[in-house]
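Observations on the model geometry
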Protein chains: 2
Amino acid sequence: MTLPEEGRRRVIIENVQPELDGGRFAIKRTVHEKVIVEADICGDGHDLLSSVLKYRRDGGDWTEVAMEPMPNDRWRGEFTVENIGLYFYTLEGWVDRFACWQRDLEKKVAAGQEVSLEFLIGAQLIDEATKRAEGENSEKLRQYAKTLRARGREPCSDIVAGSLLREISRLMARYPDKRFSTHYDKELPVVVDREEARFSTWYEMFPRSSSAEPGRHGTFKDCEARLPYIQSMGFDVLYLPPIHPIGKTHKKGKNNTDAATPEDPGSPWAIGSEEGGHKSVSPSLGTLDDFKELLAKARERGIEVALDLAFQCSPDHPYVREHPEWFRRRPDGSIQYAENPPKKYQDIYPLDFETDAWRDLWQELKGVLLFWIEQGVRIFRVDNPHTKPFRFWAWILNEIKRDHPDVIFLSEAFTRPKVMYELARLGFSQSYTYFAWRNTRAEITEYLTELTQTEVREYFRMNLWPNTPDILTEYLQFGGRPAFMTRLVLAATLGASYGIYGPAFEFCENLPREPGSEEYLNSEKYEIRHWPIERPDTLRDYIARVNRIRRENPALQSDWSLRFHAADNDQIICYSKTTGDLANVILVVVNLDPHHKQSGWLHFSLEALGLGAGRSYQAHDLLSDARYIWQGPRNYVELDPRVTPAHIFRFRRRVRTEKDFDYFM
Amino acid sequence: MTLPEEGRRRVIIENVQPELDGGRFAIKRTVHEKVIVEADICGDGHDLLSSVLKYRRDGGDWTEVAMEPMPNDRWRGEFTVENIGLYFYTLEGWVDRFACWQRDLEKKVAAGQEVSLEFLIGAQLIDEATKRAEGENSEKLRQYAKTLRARGREPCSDIVAGSLLREISRLMARYPDKRFSTHYDKELPVVVDREEARFSTWYEMFPRSSSAEPGRHGTFKDCEARLPYIQSMGFDVLYLPPIHPIGKTHKKGKNNTDAATPEDPGSPWAIGSEEGGHKSVSPSLGTLDDFKELLAKARERGIEVALDLAFQCSPDHPYVREHPEWFRRRPDGSIQYAENPPKKYQDIYPLDFETDAWRDLWQELKGVLLFWIEQGVRIFRVDNPHTKPFRFWAWILNEIKRDHPDVIFLSEAFTRPKVMYELARLGFSQSYTYFAWRNTRAEITEYLTELTQTEVREYFRMNLWPNTPDILTEYLQFGGRPAFMTRLVLAATLGASYGIYGPAFEFCENLPREPGSEEYLNSEKYEIRHWPIERPDTLRDYIARVNRIRRENPALQSDWSLRFHAADNDQIICYSKTTGDLANVILVVVNLDPHHKQSGWLHFSLEALGLGAGRSYQAHDLLSDARYIWQGPRNYVELDPRVTPAHIFRFRRRVRTEKDFDYFM
């Protein structure tokens, strides 16, 4: 082992958090969020250290903030990211000779020792700092050194006791001796997204089923007409399944049968026909201009349109003709269709990412994204990203985010946990989760704790969906309307981002294709449906209320504050979300049993919720508008699923005024 | 982000364990120990993967072993290190196209699908493998491909059901298609030590107190005469405090007083006088040849001599004259002595590791080590390593171990946990611990679990000391002889390496310098003591018995198997150690209360200890030689500290022979 270049760097910086796989992956934040950084920083011996957290925007200059020591050689610093795009942070630490000198001096003076020599040592340290300081401060330091020297052999305890030493050390801290400082050897990345990456309310809808008249193929114009309805429920992202031309070869019929009639529209995920591929819109929906008109009209109502990015082709896709080398060929010359043996998906040709022409393929797919970005789309829901290589996603997500940092990608990977996490680490802004299949209190608590209280939260932003066109869970199939209300409240309050697939959801559509299946009967994936949205018995108003509560309560707009609380009845789940300053405190109580009334005692920490122990407080149920005066950490609830399966309480502290009069803050 | 060089590497390898700080630090093993490596290895989609663990000696060639998949995309492989020195390991994984083909084929055949095309695809894959295979195997593969092709359109289920496919896949596994395989991007180091780094029994003794005659300064010759005594107790490392000439300036008197008389010998840690420095021996102990004679005589008895490495100087050390630049100078021209304000240690000059001449200083200190290695010393106990820079240790430990991989370093850092761990990571072979101050069951359980069941064990090898010349704990001060027995058994059975400072320990010396102090009264650090070692009332025989138990039971010779078990009395601690094959199972039960008899019910897992649920088994107390027939996981113990404060049970399964006759295995 050769000698190090500088053997006098005595400080080590290790175990930095957050840090994902040595900085290979970026942590995620949205604008105005904090990055709190901790690290083990220590040196040999007992010398005092100083350290700074340094951060910069990509291409910008470093800003330094002092780190504070915590117990056990742990240090902590923080900064706030104010712009979207890429940031970096790193650390620096050094032995603070002047601080050591001051600490030792004070101990010696306290013990009544003679310290004139120490004053000369201090003056030497200040002399050195004058060279690092500039102008006025340099001169000030020179004066301080002179003062210390002047006191020579005289007693100096007045200097130690007085304010002079404090003044000196304040100025000295600005000009530390960093000759032997240790620089952390990595610059750790932060991807900063716009707020919608953290807080978003999604509505998925099949455009072709949006017509107000039964039997007619819906169009982008019909979607426009549907916007007020979507807005009235409080959604801000309208996600459309693929809008491209649909293939005819091996087209699927109703309920995913192989025998399609010419009238069957086919699955929108069988992308491409002679009418075009991934950069085209299906003529039956309208023109590209119609689509752009829809984008504009949606934007006026505060709704963003998200597109589906499904990188696969129907046998009729132009790529098959123009780029046969992008598909895997079988010994008989045919192209390999998708399969999950023994199941065959002959209407889908997967792209062959092991093709020799992978570079062209990657660039083409990037071109698809850029095309839609040019049309004004800024949110993409990516279909089955786990069936395309990780390296491809790492590349394309970085490419796009570099030039378009406002683009948001939602990963639709329902697969093994490590694959889902890897995709999130590679750069997906949001991710689908296992939420749909987490129904018991234990399941929800364990899973959501993993997502919000472990390192996972640094890169995996959950987007919770109670249903999708592929997922009609048993809970929804058998729980009736209360089950839909319960799952809605859970999704909307556990997750700052959530979504529903409608109108099936608000219509409480709950029939499966066959017993044991999670597929919808008469699924919109294979046929056009008509939804009489003005029907009074849907969950429209309930959804609207829940989404208004989300908008009005910042505690529900991020996930890291989620904490679960005890309830003595397993069917009752209780959790809170709060803002950092505890100005907004939300406690959610849900009856997980859609069939029976359940009651029980809750138990939560008053302190964690900013409530005083000795005083009563108001629990205002924002769903029913009922107000309860509660006291102490134990309180009783009773929830009848036929009336309301959930409370969303906002807590208001009762404050005693000077006049001994209680009012609500 | 530029395109990767090869975009078709679809496998990722992450979260490798063990891996210390991205491979910056080596894990530690002793010869014949296993390295078990786990990693998350996964790819996109549902393709089957293969992966190998690769390892090599420093400078040698890679050996590959197949990794096995475990649940949740985790893989596991292992290898055994057979030589001391440096090893490296890394991983490689790839999509196993042939395995995918075989899996899908079997599913299709099971579903009754026509698979002739699949056979052609398989033949293509085999064709490719013939190019990678050699000689006979290449030819064999060619034949297999031919066979598959020949079956053409005929039904092939017999091939799938028969042994042919198994044969093919066995051979194909030897010639995988690794064109797009992923190599883990790090080679992770392993430092392999000789077995003594893991299992060692230390005895610390002041040579100057080793004379058989009261009042005479002990010598190396006296140490030689003491060897049979040390051997009789079963120790294999004899550790001597510094043996160098002792300074006279500011020499310390008895009980660390400033007023030393000319007769006071001074502290051996005040190293250096006109008689020499770190490469000299104190003439009052003998000559260098005497010392080498001691080494040789000790070796004959299976005892290694360990030296104390204290990198500090007395004011009389030759370095002070010859290398004044290695010390920090104060404004009045004097050299800075050691201090911990307001305390002053004027008999010690610390070396200034911030000197401009740090390179010379490092090389000189390396020279000190090489000098003693040349004399035959292979174990060093390093005094206060935490007061010298981490980078210095990283360098010197690596330098020495590169050329002398058999050298063992024990770190005497009693300081903050992260500093202790860092020193171990940098390369110390063994480390002192907080064991001396962990007395209650909760304290011992928590601490020893951290040391043996977390990542810490990969680099921190504990060496447990109930006492040292600096540490006479309150437990020993007030617990009398039972306290010494208790702490001995704990140290010797919790730790594969442990040590005592004797003869103070076996004499149950328990008077502190003053109340509240952990310093010994009349400490040997400052005066010569006389120990009548033949006195019959010492713990000599008890120690000998404990150490014999350690030698005879391999379970006690390593630490990773340590497990704590329940006892319904807090004063009773119960734990086990086992060999990997459960051939040797030790259960230790200790009464932590040195004053009162304690009893209670133990509860341990029969399965973990290799015991059958339905059968009785023998618990043989190796300390008292008593034998108990126990049954089931709950058993009663009673320990009277005045009789014996501990059991060290060896379990023997009772085996039923064909003749239905029980005997002890």
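The following refers to the structure shown. Because the structure is a prediction, the values reported are computed rather than measured. (Residues numbered from 1 in each chain as written. Chains lettered and ligands numbered in written order. Predicted model: local features only at pLDDT ≥ 70, side-chain atom pairs only at ≥ 80, totals over all residues. Heavy atoms only, no water.)

**A word on the overall build of chain A**
The number of helices and strands found in chain A is 14 helices and 30 strands. Along the three orthogonal principal directions, the C-alpha set of chain A runs to about 105 × 70 × 45 Å. At a minimum sequence separation of 6, the contacts of chain A that also span at least 24 residues come to 74%. Counting every atom, chain A has about 26,700 Å² of accessible surface; 49% of that belongs to carbon and sulfur. If you average the places of the 90 positive and of the 102 negative side-chain charges in chain A, the two averages end up 3 Å apart. (Helix = DSSP H or I, 4+ residues; strand = E, 2+ residues; numbered from the N terminus. Contact = heavy atoms within 4.5 Å. Areas by Shrake-Rupley, 256 points an atom, 1.4 Å probe, with all protein chains shown as cover. Lys, Arg positive; Asp, Glu negative; His and termini not counted. Charge placed at Lys NZ, Arg CZ, Asp CG, Glu CD.)

**Things to note about the sheet that holds strand β1 (residues 11-17) of chain A**
All names here are of chain A. Strand order in the open sheet formed by four strands is β1-β3-β7-β6, and the pairing between neighbours is antiparallel. Bordering the open sheet on either side are β1 and β6 (68-69), each of which pairs with just one other strand. Relative to strand β7 (residues 74-80), β6 is paired through two bridges, and the arrangement is antiparallel. Its bridge partner lying in β7, Glu68 is registered against Arg76. (Pairing = 2+ DSSP bridges.)

**Re unusual backbone geometry**
B:Pro341 connects to B:Pro342 through a cis peptide bond whose omega is 5°. A cis amide bond links B:Gly502 to the next residue, B:Pro503, at an omega of -10°. Within the secondary structure layout, B:Pro503 lies in the loop between β21 (497-501) and α14 (540-552). Of note in the backbone geometry, A:Asn255 takes a positive phi value of approximately 55° without being a glycine. Mapping A:Asn255 onto the fold places it in the loop between β12 (237-240) and α7 (288-300). The residue B:Asp625 is not glycine, and still its phi comes out positive at about 70°. When its relative accessible area of 43% is taken as the criterion, B:Asp625 is described as partly exposed. (Buried < 20%, exposed > 50% of the residue type's maximum accessible area, 1.4 Å probe, protein only.)

**Observations regarding the environment of B:Ala260**
Residue and element names in this part refer to chain B. Relative to the helices and strands, Ala260 resides in the loop between β12 (237-240) and α7 (288-300). Its relative accessible area of 28% is what places Ala260 among the partly exposed residues. Spatially, the C-alpha atoms of Ala260 and Gln598 are 48 Å apart, while their sequence positions differ by 338 residues. Apart from residues lying up to four places away in sequence, Ala260 is in contact with Lys251, Lys252 and Gly253.

**Notes on the pattern of salt bridges**
Across all of its chains, the model carries 122 salt bridges over all chains by this definition. The closest approach of N and O atoms between A:Lys297 and A:Glu293, which form a salt bridge, is 2.6 Å. Of this pair, A:Lys297 and A:Glu293 both sit in helix α7, separated by four residues, roughly a single helical turn. Among the charged side chains, a salt-bridge network with shared partners connects A:Arg10, A:Asp44, A:Asp47, A:Arg97, B:Arg328, B:Asp352 and B:Glu354. (Salt bridge = Lys/Arg side-chain N within 4 Å of Asp/Glu carboxyl O.)

**As for the side chain of B:Ser497**
All names here are of chain B. Here Ser497 is to be found in strand β21. Of note is the side chain of Ser497, whose polar atom sits 3.2 Å from the backbone oxygen of Arg198. At 2.7 Å, the side chain of Ser497 and the side chain of Ser200 are in polar contact. (Polar contact = N/O pair within 3.5 Å; in protein donor to acceptor, adjacent residues only side chain to side chain.)

**Structural notes on the relation of the copies chain B and chain A**
When chain B is fitted onto chain A, the two copies agree to an RMSD of 0.1 Å after a turn of 180° and an axial shift of 0.0 Å. What we have between these two chains is a two-fold relation. Looking at the rotation axis and the C-alpha trace of chain B, the residue lying nearest is B:Gly22, at 3.6 Å. When the interface residues of chain B are mapped onto chain A, 100% of them again lie at the interface, so the same face is used by both copies. (Least-squares fit on C-alpha atoms with pLDDT ≥ 70 in both.)

**Some details on the pairing of strand β4 (residues 49-57) of chain A**
Residue and element names in this part refer to chain A. Summarising burial for β4: eight of the nine residues are buried, a large majority. Bridge analysis of β4 against strand β8 (residues 85-95) gives nine bridges, and the strand direction is antiparallel. Along β8, the bridge assignment pairs Val52 with Glu92. Pairing between β4 and strand β5 (residues 63-66): four bridges, direction antiparallel.

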